[in-house]
Amino acid sequence: MAADAGKRKRPNILVTGTPGTGKTTTSTALAEATNLRHINIGDLVREKNLHDGWDDELQCHVINEDLVCDELEDVMEEGGNIVDYHGCDFFPERWFDLVVVLQTDNTVLYDRLSKRGYEGAKFSNNIECEIFQVLLEEAKESYPEDIVIPLKSDNIEDITRNVSTITEWIRSWPPAS
């Protein structure tokens with residue numbers, strides 16, 4: 001359990017994984033099912049200009065991790081958040097009570113990223129990231145292993161099951177000490 005969890009009335013959950021694994025779809029459905037606040041880091045970075053410019057090769061903003069953490073500090077202390085982002089190693093460990101790493105079969109991911117118009121380095125980096133389970137390793141290195149759970153996210157049935165699994169976890173939080 002996160003160090004600050006005793007003060008929070010509701011848990012904080014990080015939903016992470018390679019782009020295209022269903023983070024936003026899962027987080028949106030989970031927020032609707034649980035009344036927790038969904039925070040999409042990509043949207044937050046764009047809306048509040050929490051970045052250091054644009055990366056032409058990867059076709060995305062270069063996020064300023066310090067600005068993002070400063071922006072989120074108060075709401076994370078309150079609890080009741082679902083944070084949705086494809087990285088996880090810069091968030092303070094104390095913020096999260098559960099870290100969900102969504103994983104998708106490469107054939108499925110290939111199709112999803114192609115439909116999004118990903119190409120070049122952005123496309124190949126993300127496929128390699130999933131093949132080598134980079135996000136799962138990053139999560140295990142950044143958080144206590146007992147709060148990190150990998151979940152398969154290949155189709156709508158998987159997403160529905162994942163939302164149910166996480167919703168049940170939220171209902172039984174905090175764990176009895």
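Our subject in this report is the structure included herewith. Everything quoted here is computed from the prediction, not taken from an experiment. (Residues numbered from 1 in each chain as written. Predicted model: local features only at pLDDT ≥ 70, side-chain atom pairs only at ≥ 80, totals over all residues. Heavy atoms only, no water.)

**Regarding the packing of helix α2 (residues 41-48) against helix α3 (residues 65-78)**
Then, number 1: Two elements in contact, α2 and α3, have axes separated by 11 Å at closest approach and are oriented at 100°. Here α2 is positioned roughly perpendicular relative to α3, judged by the angle of their axes. Of α3, the residues touching α2 (which contributes Ile41, Leu44, Val45 and Lys48) are Val68, Glu71 and Leu72.
Then, number 2: Taken together, the residues of the contact of α2 with α3 break down into 5 nonpolar, no polar and 2 charged. (Axes fitted to C-alpha atoms, helices over the stretch in contact; angles between N-to-C directions. Helix = DSSP H or I, 4+ residues; strand = E, 2+ residues; numbered from the N terminus. Parallel < 35°, antiparallel > 145°, perpendicular 65-115°, else oblique. Contact = heavy atoms within 4.5 Å. Nonpolar A, V, L, I, M, F, W, Y, C, P; charged D, E, K, R; others polar.)

**Overview of a nonpolar patch on the surface**
Then, number 1: A surface patch of nonpolar side chains, about 300 Å² in accessible area, is lined by Ile131, Phe132 and Val134.
Then, number 2: With respect to the element layout, valine 134 can be found in helix α6 (residues 134-142). (Patch = residues over 30% accessible without salt bridge, like charges linked within 9 Å, V, L, I, M, F, W, Y side chains within 5 Å. Areas by Shrake-Rupley, 256 points an atom, 1.4 Å probe, with all protein chains shown as cover. Salt bridge = Lys/Arg side-chain N within 4 Å of Asp/Glu carboxyl O.)

**So, the side chain of lysine 122**
Then, number 1: Within the secondary structure, lysine 122 is located in helix α5 (residues 120-131).
Then, number 2: No salt bridge is formed by the buried lysine 122; its nearest oppositely charged neighbour, aspartate 55, is found at 9.1 Å.
Then, number 3: One polar contact links the side chain of lysine 122 to the main-chain carbonyl oxygen of glutamine 59, over a distance of 3.1 Å.
Then, number 4: When residues no more than four places from it in sequence are discounted, the contact partners of lysine 122 are Leu58 and Gln59. (Buried < 20%, exposed > 50% of the residue type's maximum accessible area, 1.4 Å probe, protein only. Lys, Arg positive; Asp, Glu negative; His and termini not counted. Polar contact = N/O pair within 3.5 Å; in protein donor to acceptor, adjacent residues only side chain to side chain.)

None of this, on its own, says anything about what the molecule does.
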